[in-house]
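Letter by letter, the chains look like this.
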Amino acid sequence: MKGTASAPVCVSAHMEIQDSRREAVVGTAGCGTAFAGALAGIVLWAPHGKGGLLDGFEGASNWNVLWVGLPLMILGGVAAALAVFFLVRGDWKRAIGFVAAIAVLFALGVAVDALAGAPRPECYDPC
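Report follows, based on the coordinates.

## Structural notes on the pattern of salt bridges
Oppositely charged side chains are able to pair whenever their charged atoms sit close together.
(1) Moving on: This structure, assessed with the given rule, holds one salt bridge.
(2) Moving on: The closest approach of N and O atoms between Asp91 and Arg94, which form a salt bridge, is 3.5 Å.
(3) Moving on: We classify Asp91 as partly exposed; its relative accessible area is 24%.

## Comments concerning the packing of aromatic side chains
(1) Moving on: Taken as a whole and assessed by the stated rule, the structure comprises two aromatic pairs.
(2) Moving on: Summarising the aromatic geometry, the rings of Phe85 and Phe86 are spaced 5.4 Å apart at their centres and angled 70° between planes, so their arrangement reads as edge-to-face. Each member of the pair Phe85 and Phe86 is classed as buried.
(3) Moving on: On the numbers, 5.7 Å between centres and 10° between planes, the contact of Phe86 with Phe98 is stacked. On the criterion of sequence distance, the pair formed by Phe86 in helix α2 (residues 64-89) and Phe98 in helix α3 (residues 92-111) is long-range, its members being 12 residues apart.

## A short note on a nonpolar patch on the surface
(1) Moving on: Together, Phe35, Leu39 and Ile42 make up an exposed nonpolar region whose accessible area comes to about 290 Å².
(2) Moving on: Of note, Ile42 is situated in helix α1 (residues 9-54).

Conventions adopted
Residues numbered from 1 in each chain as written. Predicted model: local features only at pLDDT ≥ 70, side-chain atom pairs only at ≥ 80, totals over all residues. Heavy atoms only, no water. Salt bridge = Lys/Arg side-chain N within 4 Å of Asp/Glu carboxyl O. Buried < 20%, exposed > 50% of the residue type's maximum accessible area, 1.4 Å probe, protein only. Phe/Tyr/Trp six-rings, centres within 6.5 Å; stacked < 30°, edge-to-face > 60°. Helix = DSSP H or I, 4+ residues; strand = E, 2+ residues; numbered from the N terminus. Patch = residues over 30% accessible without salt bridge, like charges linked within 9 Å, V, L, I, M, F, W, Y side chains within 5 Å. Areas by Shrake-Rupley, 256 points an atom, 1.4 Å probe, with all protein chains shown as cover.

Take a look at the structure:
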């Protein structure tokens, strides 16, 4: 039987260990990237969050900034980081999927005015 010789067991097991280690490293890097993206989303949200929660007229707050804006910014940060991660790895299909997710999150944020500041008084010119 020509051409049906299999690799020695030790070589096959060694390749499987290398593959599983590589998958573990890539998975860990992906999780780290997602975590960094979530932190970036929080950092970018913080100025809007402070303005929406603390700077309102007579203590008025816009709680949508916290309940809607923060999760959208965290998810957007994760999606942006993972899009870059997959672009670097050359996985274009997943990267395009994450870019589409960013577009959907952006549209939702604009639709619900998630980063709107606190309510301001309506000032009229007394003259």
